[in-house]
Amino acid sequence: MAWLNLQRNRLRTGLATLGIVIGVVAIAAIGITGTALQYGATQELGGLSNTVTVFPGEENEDGVVTDGQVDSIERVATGAVVVPRRTETLTVASRSERRQVTVQAMSRPAALYDAAEGTVPSPMRSGALINAELAAELGVELGQTVSIGGRSYRIMAILDEPGGFGQGVSVVVPLDDVGGDGYDQVTVVAEDGEDAQRLAAEIPAELNQREEVVGTFTPADIQETVSGFFATLNAALLGVGSISLVVAGVSILNVMLMSVVERRAEIGVFRAVGIRRREVMRMIVAEAALLGVVGGAVGVVLSVLIGYTVNGQLNGQPGLVFQPRNLEFLALGFGFAVVASTISGLYPAWKASTANPVEVLRG
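The protein carries the name ABC transporter permease in an unreviewed UniProt entry, which gives Haloplanus salinus as its organism. Under the Sequence similarities (unreviewed entry) heading, UniProt states for the protein: "Belongs to the ABC-4 integral membrane protein family." We quote the UniProt Subcellular location (unreviewed entry) comment for the protein here in full: "Cell membrane".

Peer 1: Where do I start with the packing of helix α9 (residues 324-344) against helix α10 (residues 346-353) in this structure?
Peer 2: A pair of packed helices can be characterised by two numbers: the angle between their axes and the separation between those axes. In contact at an axis separation of 4 Å, α9 and α10 are set at 30 degrees when each is read in the N-to-C sense. With respect to α10, the element α9 is oriented roughly parallel. Between α9, through Thr342, Ile343 and Ser344, and α10, the contact on the second element is made entirely by Leu346, Tyr347 and Pro348.

Peer 1: Explain the UniProt feature "transmembrane region" (unreviewed entry) in the protein here, please?
Peer 2: UniProt records the feature "transmembrane region" (unreviewed entry) for residues 12-32, 235-257, 284-309 and 329-350 in the present numbering. Helix makes up 100% of residues 235-257 and strand 0%. Its end C-alpha atoms lie 33 Å apart. Annotated as residues 329-350, this span is 95% helix and 0% strand, and its ends, taken at the C-alpha atoms, are 32 Å apart.

Peer 1: Just to check I follow, could you spell out the side chain of Asn60 for this structure?
Peer 2: For Asn60, the position within the fold is in the loop between β1 (51-56) and α3 (67-76). A relative accessible area of 10% places Asn60 in the buried class. A polar atom in the side chain of Asn60 sits 3.0 Å from the backbone nitrogen of Asp62.

Peer 1: How should I be thinking about the pattern of salt bridges in this particular structure?
Peer 2: By the definition in use, this model includes seven salt bridges. Among the salt bridges present, the one from Asp195 reaches Arg198, with a minimum N-O distance of 2.4 Å. Of this pair, Asp195 and Arg198 both sit in helix α5 (residues 193-207), three residues apart, which is roughly one turn of the helix. Among the residues examined, Arg198 registers a relative accessible area of 35% and is labelled partly exposed. A salt bridge links Glu202 to Arg198; the shortest N-O distance between them is 2.7 Å. In this pair, Glu202 and Arg198 both sit in helix α5, four residues apart, roughly one turn of the helix. Residue Glu202 is classed as partly exposed on the basis of its relative accessible area, which comes to 32%.

Peer 1: Could you clarify how one ought to interpret the nonpolar core in this entry?
Peer 2: Most often, soluble globular proteins keep nonpolar side chains buried together rather than apart. By size, the foremost hydrophobic cluster in this structure holds 40 residues, and its most contacted members are Ile73, Ile130, Ile148, Val171, Val173, Val188 and Leu199. Ranked by residue count, the leading element in this core is α5, at five residues. Not counting the four nearest positions on each side in its chain, Ile130 is found in contact with Ala135, Leu138, Val140, Ile155, Ala157, Ile158, Leu159, Ser170 and Val171. Counting residues in hydrophobic clusters, the runner-up holds 30 residues, among them Ile267, Val304, Phe329 and Ala352.

Peer 1: What's the story with a negative patch on the surface in this structure? I'm lost.
Peer 2: A cluster of acidic residues, Glu58, Glu59, Glu61, Asp62, Asp67, Asp71, Glu74, Asp181, Glu211 and Glu212, forms a negative patch at the surface. Inspection of the secondary structure puts Glu59 in the loop between β1 and α3. The partly exposed category is assigned to Glu59, whose relative accessible area is 42%.

Peer 1: Hey, could you run me through the packing of α3 against α5 in this one?
Peer 2: Close contact between α3 and α5 brings their axes to 10 Å; oriented N to C, the two are set at 135 degrees. Classified by the angle between their axes, α3 and α5 sit oblique to one another. Taken as a pair, α3 and α5 cross one another with a handedness that is right-handed. Seen from α3, the contacting residues are Gln69, Ser72, Ile73 and Val76; seen from α5, they are Leu199, Glu202, Ile203, Glu206 and Leu207. Taken together, the residues that form the contact of α3 with α5 break down as five nonpolar, two polar and two charged.

Cut-offs used in this document
Residues numbered from 1 in each chain as written. Predicted model: local features only at pLDDT ≥ 70, side-chain atom pairs only at ≥ 80, totals over all residues. Heavy atoms only, no water. UniProt positions renumbered as here; feature names shortened; annotations may be inferred. Axes fitted to C-alpha atoms, helices over the stretch in contact; angles between N-to-C directions. Helix = DSSP H or I, 4+ residues; strand = E, 2+ residues; numbered from the N terminus. Parallel < 35°, antiparallel > 145°, perpendicular 65-115°, else oblique. Contact = heavy atoms within 4.5 Å. Buried < 20%, exposed > 50% of the residue type's maximum accessible area, 1.4 Å probe, protein only. Polar contact = N/O pair within 3.5 Å; in protein donor to acceptor, adjacent residues only side chain to side chain. Salt bridge = Lys/Arg side-chain N within 4 Å of Asp/Glu carboxyl O. Core = buried A, V, L, I, M, F, W, Y, C linked by side-chain atoms within 4.5 Å. Patch = residues over 30% accessible without salt bridge, like charges linked within 9 Å, V, L, I, M, F, W, Y side chains within 5 Å. Areas by Shrake-Rupley, 256 points an atom, 1.4 Å probe, with all protein chains shown as cover. Lys, Arg positive; Asp, Glu negative; His and termini not counted. Charge placed at Lys NZ, Arg CZ, Asp CG, Glu CD. Left-handed = near helix turned anticlockwise from the far one by under 90°. Nonpolar A, V, L, I, M, F, W, Y, C, P; charged D, E, K, R; others polar.

Rendered as structure tokens:
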């Protein structure tokens, strides 16, 4: 009977349902989009969470990480790969083009970088590694020769496009080809993120017993910050989306009140022939709940389609829309829709059930 009553005025029912649909999409689709943005911001960092970067501390008079300090790092980081690095800005030139870029010198680049073409040597004693973007700008290919700082190098590998924090390398050359005392920084590649976090605490504890000669940094720190930021952002967006469902609930309250007023005579007849108050109330509440169920279901379907598109565009993985966090948003949107609609129907139901049947029929 509740379903038949809703079909009496299909336009009004459709508009009320549309309000629920918009509210569900505002909650679920916004939540899914926030998750997609968070995934895109952290997926590259996730692959680097097992690294620790050691750099000169504020009280380091030399301004570099010394060979002795590198030895101490290796003693602490047993089983990890320790990669000292030097950095210098040099001119890289091909036959037709030249660029001023930051060149990194290291002996074990295979621990940090992957090759799109060729092979990253380890240890690296000759040749150069160059990223794909710079290779395209210079118009060079694998195996050709470029000039770096006035010296000729054969390109041993074209590196993958830089993606994560600290991975924006343009050129890599052997460690001894960039002179200087000590190292600008040392990268420690641990077994996993948990081990990296442990080393990030143990290395300063070992080297900074008297003064702060080194500092450490791990991308896991950024991951925590990014996750916290997106958690706050999602909460704010969900709050905004919830307002839409509250507005939709008010719309349903208005629709149900109008429906009760229009059907006063009918409800009076129900009461006169013995239909009890709770049955009248249950019928009105059922109508409101049906609006929430239908609107919530349509909103969930639309949210899935939006999430599928967003994940495909941002991350290239549309199937991420079905990950547990997104399913929570879908369930939250649907549940909120049903609850808000049901609550909106309580007052009209109470008003209809408490009406005096004699007065209603006389009116």
